[in-house]
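Summary of structural features
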Amino acid sequence: MAQRNVSRRGQQKGESFMDYSLLFIVLFLVGFGMVMVFSSSSYEANLELGDSTSYLRQQLFASILGLVAMMVVANIPYHFWERFALLAYLGSIVLIFLIIPFGHTSGGATRWLYIAGISLQVAEVAKLGMILFLASFICKLGKGIQSNKGFAIVLGLAGIVAGLIYVITTNLSSAIIIMAIAALMLFVSCPDYKRFFLLGVIALAVAAAMVFYVVQTAQAHVDDLDFRGVRILAWLDPEAYSSDTGFQTLQALYAIGSGGVLGKGLGQSMQKRGFLPEAQNDMIFSIICEELGLFGGIAVIIMFLMLIWRLMIIANNAPDLYGALLVVGVMGHIAVQVILNIAVVTNTIPNTGISLPFISYGGSSVMFLLIEIGITLSVAKGIRLKDL
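The rules we used
- Residues numbered from 1 in each chain as written.
- Predicted model: local features only at pLDDT ≥ 70, side-chain atom pairs only at ≥ 80, totals over all residues.
- Heavy atoms only, no water.
- Core = buried A, V, L, I, M, F, W, Y, C linked by side-chain atoms within 4.5 Å.
- Buried < 20%, exposed > 50% of the residue type's maximum accessible area, 1.4 Å probe, protein only.
- Helix = DSSP H or I, 4+ residues; strand = E, 2+ residues; numbered from the N terminus.
- Contact = heavy atoms within 4.5 Å.
- Pairing = 2+ DSSP bridges.
- Expected span 1.5 Å × (residues − 1).
- Arc of directions from axis to C-beta.
- Phe/Tyr/Trp six-rings, centres within 6.5 Å; stacked < 30°, edge-to-face > 60°.
- Lys NZ or Arg CZ within 6 Å of the ring centre and 35° of its normal.
- Salt bridge = Lys/Arg side-chain N within 4 Å of Asp/Glu carboxyl O.
- Axes fitted to C-alpha atoms, helices over the stretch in contact; angles between N-to-C directions.
- Polar contact = N/O pair within 3.5 Å; in protein donor to acceptor, adjacent residues only side chain to side chain.

1. Here's the deal with the nonpolar core
Within the largest apolar cluster, 108 residues are counted, with the highest numbers of intra-cluster contacts made by Val161, Phe304, Leu307, Leu326, Ile334, Phe358 and Ile359. Per element, the largest residue contribution to this core is 14 residues, and it comes from helix 11 (residues 321–345). Not counting chain neighbours up to four residues away, the residues in contact with isoleucine 334 comprise Phe304, Leu307, Ile308, Leu311, Pro357, Phe358, Leu369 and Ile373. Judged by nonpolar contacts, the second largest core, of 5 residues, contains Val214, Leu225, Ile232 and Leu233.

Now the structure itself:
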């Protein structure tokens, strides 16, 4: 394998490293995603819009734009983005605030801006902006990142954006992902693992306290709970809320269970025919399991594991800390989002409404993910191969 011959930037001679394995995996996931978007959305699109290819055409357009952007970014030296780190951070905050007067509402949530006729989900911009900013900021902190003050500042800066996303766009899943990106980048750059153990304990304690509070409140005054509290109750007992909050989760579980080992066959899902809401979005993994079975679901998970492995290889052999942190940020974004999506679909955690990277319908998501892959490929090109 070529990666065994990778060396650090100190190697003066050698050829650039191009990770074709990573590129193939990403192209496969994007192509497979378009197939599944069409399969899961054709019935609804034909019924509501009179065109079974409506969602597919929009996803194809976004994917083509994303692939073009990926190739352009891949050929730009990654240190070029270092000068825009602060702008990326401040720009993300400005876009989030613009949601208040100019936000577009869809599915009961106001999370999008229309710019030049294109729908843009600001949380996706914020994720990329956070990766660019934190990679530069952590490098500038240097050894200061090991101090409690430096550690707290990084978490605080990420917490500001995450908090704004949660409050203004009510997008809890994206807020969690942004904090996870920051935590993972800190984990790579800071050797004091006790802090991360403490953070994990605090996060689990907060989650347990929230669940306990919701259960206790529901026993006394269930009407006092907001929609997130009701989602937690539906997670604990989806059958009790089968007519409203737990309906989507139950239908997703029915889809997974009915697929068996080999599935019903591509395009043969029954749940996508008006039973499972947002089948092409958050719940597309359940349609994959119904049509392609347990085999198809595991195959998709393996592809994502291979993608994460390739990102780890690039991060481990990056020419410098800045490049490594960029790749780690991308890896954290994809890994956490995959875990959360599959956990939601299988009712392992409460429903938070989160897409499956590269596969779920969503133009903003696929475009910015492909841009992040372009940055990763740029870092990979900075790796030099030893002379044989």
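2. Thoughts on the pairing of strand 3 (residues 109–115)
Summarising the sheet, strand 2 (residues 104–106) and strand 3 pair through 3 bridges and their orientation is antiparallel. When the bridges of strand 3 are listed, serine 106 appears paired with alanine 109. Where strand 3 meets strand 4 (residues 118–121), 4 bridges bridge the pair, whose relative direction is antiparallel. By the bridge assignment for strand 4, isoleucine 115 is matched with isoleucine 118.

3. Examining helix 3 (residues 85–102)
End to end, helix 3 covers 25 Å across 18 residues, agreeing with the expected 26 Å (1.5 Å per residue, within 8%). Taken together, the buried positions of helix 3 are Ala85, Ala88, Tyr89, Ser92, Ile93, Leu95, Ile96 and Ile99. Viewed end-on, helix 3 has its buried residues packed into an arc of 155°, placing them on one side of the element. Across from the buried face of helix 3, at angles greater than 90 degrees, the exposed residues are Leu86, Leu87, Ile100, Pro101 and Phe102.

4. A closer look at the packing of aromatic side chains
Following the criterion strictly, the structure yields 12 aromatic pairs and no others. With 5.0 Å between their ring centres and 90° between their planes, tyrosine 55 and tyrosine 361 make a pair best called edge-to-face. Here tyrosine 55 is found in helix 2 (residues 54–74), whereas its partner tyrosine 361 is found in the loop between helix 11 and helix 12 (363–381), with 306 residues between them in sequence. For the pair formed by tyrosine 55 and tyrosine 361, the shared burial category is buried. A network of ring pairs unites the aromatic residues Phe151, Phe187, Tyr193 and Phe196 as a single cluster. The ring of tryptophan 309 carries the charged tip of arginine 310 above its face, separated from the ring centre by 4.8 Å.

5. A look at the side chain of threonine 376
One can find threonine 376 in helix 12. Looking at threonine 376, the relative accessible area reads 0%, which means it is buried. The residues contacting threonine 376, other than those within four sequence positions of it, are Leu22, Leu311, Ile314, Val327 and Val330.

6. Overview of the pattern of salt bridges
In this structure the tally under the stated criterion is 5 salt bridges. With a closest N to O distance of 2.4 Å, aspartate 51 and arginine 57 form a salt bridge. Overall, the relative accessible area of 24% leaves aspartate 51 in the partly exposed class. Taking the relative accessible area as the measure of exposure, arginine 57 reaches 46% and is therefore partly exposed. Across the pair glutamate 290 and lysine 264 runs a salt bridge whose closest N-O atoms are separated by 3.0 Å. Placement of glutamate 290 in helix 10 (residues 284–316) and of lysine 264 in the loop between helix 9 (247–259) and helix 10 is noted, with a sequence separation of 26 residues between them.

7. A look at the sheet that holds strand 2
The 3 strands lie next to each other as 2-3-4, forming an open sheet whose pairing is antiparallel. Of all strands in the sheet, those with a lone pairing partner are strand 2 and strand 4, marking the two edges. On average, adjacent strands in this sheet sit at an angle of 50° to one another, irrespective of strand direction.

8. Digging into the side chain of threonine 169
Along the chain, the position of threonine 169 falls in helix 5 (residues 148–169). Within the structure, threonine 169 has its side chain in polar contact with the backbone oxygen of isoleucine 165 (distance 2.4 Å). Leaving out residues up to four positions away in the same chain, threonine 169 has contacts with Ile99, Thr110, Arg111, Val122 and Leu164.

Function-wise, these values are silent; they only describe arrangement.
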